[in-house]
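Each chain, written out:
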Amino acid sequence: MPAPLPHSDRAPPSGPPEDAPGGRLVQRLRRLAPMLLAGAFFVLGLLALRHLLAETNPRAILVQAAAVPWIDLAVALAATGFGYGALILYDRVALDYLGRRVPARAVALGGFLGYAFGNTLGISAISGGAVRFRVYSAFGLGALDVAGLSAFISIAAGLGVSAIGLAGLIWAPSALAHLVDLSPATTRLLAIAALAALGGGLAWLSLGGRTLRLKGLEIAAPAPRIVLAQLAVTVIDTSFAALALWILLPAGAPDFASFLPIFAAGMMIGVVSHVPGGIGVFETIVIAAMPSGPPLAQVTAALLLFRVIYYLLPFALALVVLAFNEARLAGGVAARIFGEISAPMRPAVASLKALIPSLTGVVSLAAGVYLVLIALMPAVRPHTIDPRDILGAILLEGGAALSAMIGVVLVMLSQALIRRISGSYWLLQSGLLAGALVSALNDFDIESSALLLVVAIILTPFRGQFTRAAKLTRGVLSPAWFALVLAIVLSLAGFFFFMHRATPWSGSLWTEFAGGSDTPRSLRAGLLASALLVLGTVWLAMRPVRAHTRRPEGAALDRARAVIAGSDEPMACLALTGDKALYFDESDRAFIAYAVQGRSWIALGDPVGPAQTARDLAWAFFDEAWAGNGRPAFYGVSDRYLPLWVEMGFTLHKLGEEAVISLPDFSLSGSGFKTMRAAHNKARKSGLALEVLPPPHAPALLAELAEVSEAWLRGKTGAEKGFSVGRFTPAFLNEGPVAVVRREGRLLGFATVLAPGTGQHLAVDLMRYRPEERGMMEFIFVSLLEHYRDAGAQSFSLGMAPLSGLQTRPGARLWTRFGSMIFRHGGPIYNFEGLRAFKQKFRPDWQPRFLAVQGGTQPLLWVLTDATVLIAGGVRGIVGKGRGG
């Protein structure tokens, strides 16, 4: 069955804006509501299961699961296969509804992986919608298309399952007699009325071509043929899914027609609960609806096997498909034997690489929990090792303890794997191999040993995705991590007491070391695992963190200059202003210039240095900010690392566009530059001359520059700006060339030039001139462009036009609409539109610059506010008088 629609695919919630009174609290509660609801349903489901299974022996459940006939397992597997085939058809019908064409192979890949991962996990990073987007975007579908597809599937599947359940109640009205206190006749009448209302509503919407509106989400009703096709797919899907469970149920269970409403009710309530896979909730409904005939242990065993067959096996198969395709993409033996991936499918398959770290982290977490659980589980079969033998007792005791310890290590590795840290992959493989060996020693548990070895083999092609050179434990601690540790410890305690509740409690259990004493051995293993998890978390929280941040002085600035010398990004030179800290990588080959304001850690521009080193550095900076309870953001980034920002979970907000001139193509000749050419020639005839002076600069020149700067700043509002622009200080002026404009020896204006590396790519920074001089800015720009063109440089940036290029299309973000409005109507504050029009005269290539921030509107506003304070030189600089410019 399709998983519930991920939160990220839903329309934005309605209600008061976040900046309205009470708006922030309402928005926060709305964001937390699905998680809180899911947690509440999950706990209630477990409590209900505990009550229903109060008289059931846990060992009997495992024995019954092992005793299910192979023929029943084969039928359940076949039904699962047909069911997932029908699930893929959901995507085909939804694509027809959207009018988009995607190759059948891509639909099969995106549909199967989306359902296999989304149904089992249900987390946003690897939800069905996220998987589909990566596959279908390679064939021209955008985010809105995939969101619409996911919404259509979820609504259509929900309506279809409801229709099937209602039809089943009409056929067998007593199916839910144990859940609903209604007579069969009343149940049938209500089911007929509900089904008629549902069918009539669908017909009214479809035949009339109407639009369904749900909380701001508009969905055009599909054509009747699509409605019928979707209902047919739902019938096939639900019937095979129900068959996969029904065939496993013991004698005395309801017939298949009577079981369908039970199954549909369990699935719908599981979906509404928001619990991934409806785990705990679905089982409670099915067990509660069962008649008194079938043994409860056998029903529970059937549900356990259904979870394995319908959820875990497709997940494992999807992981194999991902690994297989990864091996083919890498070339080598797999590509030679099975052939390379076809050209049309290669972009779609390659896009799935981004899922690998999260999936590997989930597998590591699951393997770790599994190793701890088998240490807590009592022996179901007779001991292979003689428990009366002292060596046998040592092996059993040591096997349980080592299994628990390795399990904890794998759990703690999951965070590092999600963050792509290279050492974590090899530790995971070592842990799986060690777990397999320990399982073999632990009463010769060959099944668990083989399972762990298979997992290690499946993960082998993924090793190329773990390339980050960072500490394994860096950035681990977070509220989510503490919640995970608490949930694991509580779950282990609940599992232990459930599995061993038949054993009378006494204080001697702690010290009983007999080979046949399963409960004492499990108790010690559980205590060891819980203690390691808690103590490991405390140790991580208390240990000192090595800082990579260096103050902008002395050796740190020298190291930054060496990195800038190999860069072609002019903005990198702003790291030398002295108002930003420098965050270096381990080898000092790359750095990030940033400043902290409030909780915001705001980096300026792209990371500076080699591409791969810069990517790892961005992640390290991200971890450092979170470890310091900060809010990481990147201000003024280009489109060079767009995939990285998306991978890190940032939302990109356009700040404006940078005007970049291609110098080899620049010339004032031609009719388009007639006016500018005439004005420039006139300025030259008046005696204006520009000269570019390399550093260092003489004290006498610096004094002249200071005089012009003071004249320029006089009467301006605010303090001397900083952070994203250069500072007028002798130290920074001596970091690069200065272009000076004179007439008859008198200095009239100047501009500082950002010239990294070989000087092939440059940018203008500070530009100041005496207020009485008219046309000075255009003269400086033209003169600089001609000077550096003649010197053989490739490009020259005239700086950014703030808020330029923001589009106000339907559905645009609030920041985009607000910024576009300020650009058009903000003249009394700042002439945004005029600045862009002035720079447009030079025919530049407009290149976007972005602000990368995590979260929605509230974090964006905080970061923008903090960035404004940094640029203004403090809060007083925003409203002060006499030093702005």
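Structure's up top.
What counts and how
- Residues numbered from 1 in each chain as written.
- Predicted model: local features only at pLDDT ≥ 70, side-chain atom pairs only at ≥ 80, totals over all residues.
- Heavy atoms only, no water.
- Phe/Tyr/Trp six-rings, centres within 6.5 Å; stacked < 30°, edge-to-face > 60°.
- Helix = DSSP H or I, 4+ residues; strand = E, 2+ residues; numbered from the N terminus.
- Buried < 20%, exposed > 50% of the residue type's maximum accessible area, 1.4 Å probe, protein only.
- Lys NZ or Arg CZ within 6 Å of the ring centre and 35° of its normal.
- Expected span 1.5 Å × (residues − 1).
- Pairing = 2+ DSSP bridges.
- Contact = heavy atoms within 4.5 Å.
- Salt bridge = Lys/Arg side-chain N within 4 Å of Asp/Glu carboxyl O.
- Polar contact = N/O pair within 3.5 Å; in protein donor to acceptor, adjacent residues only side chain to side chain.
- Axes fitted to C-alpha atoms, helices over the stretch in contact; angles between N-to-C directions.
- Parallel < 35°, antiparallel > 145°, perpendicular 65-115°, else oblique.
- Nonpolar A, V, L, I, M, F, W, Y, C, P; charged D, E, K, R; others polar.

Draft legend 1. Fine view of the packing of aromatic side chains. Applying the stated criterion to the full structure yields 37 aromatic pairs. Ring geometry for Phe634 and Trp645: centres 4.5 Å apart, planes at 40°, overall tilted. Of this pair, Phe634 sits in strand β7 (residues 631-637) while Trp645 sits in helix α22 (residues 642-647), and the two are eleven residues apart along the sequence. Classification of Phe634 as buried rests on a relative accessible area of 0%. Plain terms: the ring middles of Phe838 and Phe842 are 5.8 Å apart, the flat faces sit at 75° to each other, and that makes the pair edge-to-face. Take Phe842: its relative accessible area is 2%, and that puts it in the buried class. The structure contains a cluster of three or more aromatic residues connected by ring pairs, namely Tyr583, Tyr594, Trp601, Trp619, Phe621, Phe622, Phe634, Tyr641, Trp645 and Phe650. If you follow Arg843 out to its NZ or CZ, it ends over the ring of Phe673, 5.1 Å from the centre.

Draft legend 2. Spatial organisation of helix α8 (residues 224-246). A rise of 1.5 Å per residue sets the reference length of α8, with its 23 residues, at 33 Å; its end C-alpha atoms lie 32 Å apart and thus fit the reference within 8%. Among the residues of α8, Ile226, Val227, Gln230, Val233, Thr234, Asp237, Thr238, Ala241, Ala242, Ala244 and Leu245 are the ones counted as buried.

Draft legend 3. Inspection of helix α17 (residues 446-458) at higher detail. Taking 1.5 Å of rise per residue, 13 residues should cover 18 Å, and α17 covers 18 Å from first to last C-alpha, within 8% of that figure. Within the span of α17, buried status applies to Ser448, Ser449, Leu452, Val455, Ala456 and Ile458.

Draft legend 4. Inspection of the pairing of strand β5 (residues 591-597) at higher detail. Of all the seven residues making up β5, five are buried; the element is thus mostly covered by neighbouring parts of the structure. Here four bridges tie strand β4 (residues 581-584) to β5, and the two strands are oriented antiparallel to one another. Residue pairing in the sheet places Phe584 in a bridge with Phe591 of β5. As consecutive antiparallel partners, β4 and β5 are separated by six residues, and within that stretch Asp588 has a phi angle of approximately 60°, a positive value.

Draft legend 5. Highlighting the side chain of Thr613. By the element assignment, Thr613 lies in helix α21 (residues 611-627). Exposure remark for Thr613: the relative accessible area of 10% places this residue in the buried category. When sequence neighbours within four positions are dropped, the list of residues in contact with Thr613 reads Asp585, Arg589 and Ala590.

Draft legend 6. The pattern of salt bridges, seen in detail. In the structure shown here, the tally under the stated rule is 19 salt bridges. In this structure, the salt-bridge partner of Arg742 is Glu704, at a minimum N-O distance of 3.1 Å. Here Arg742, found in strand β10 (residues 738-743), pairs with Glu704, found in helix α24 (residues 699-713); they are 38 residues apart in sequence, far enough to count as distant. For Glu704, a relative accessible area of 28% gives the class partly exposed. When salt bridges with common partners are traced through the structure, they connect Asp558, Arg561 and Glu735 into a single cluster.

Draft legend 7. The arrangement of the side chain of Gln429 in detail. By the secondary structure assignment, Gln429 is in helix α16 (residues 422-441). Here Ala456 takes part through its backbone oxygen, which lies 3.1 Å from a polar atom of the side chain of Gln429. In contact with Gln429, not counting residues within four places along its chain, are Ala456, Leu459 and Thr460.

Draft legend 8. Here's a closer look at the packing of helix α23 (residues 674-685) against helix α26 (residues 776-790). Where α23 contacts α26, the two axes come as close as 10 Å, and the packing angle between them is 95°. Judged on the interaxial angle alone, α26 and α23 are roughly perpendicular. Every residue of α26 that contacts α23 at Met676, Ala679, His680, Ala683 and Arg684 is listed here: Glu778, Phe779, Val782, Ser783 and Glu786. Class assignment for the residues of the contact of α23 with α26 results in five nonpolar, two polar and three charged.

Draft legend 9. Geometry of the environment of Ile247. As for its placement among the helices and strands, Ile247 is situated in the loop between α8 and α9 (256-272). Remark: the alpha-carbon pair of Ile247 and Ala76, spanning 171 residues in sequence, is separated by 6.5 Å. In this structure, Ile247 is in contact with Asp72, Val75 and Ala76, ignoring residues within four places of it in sequence.

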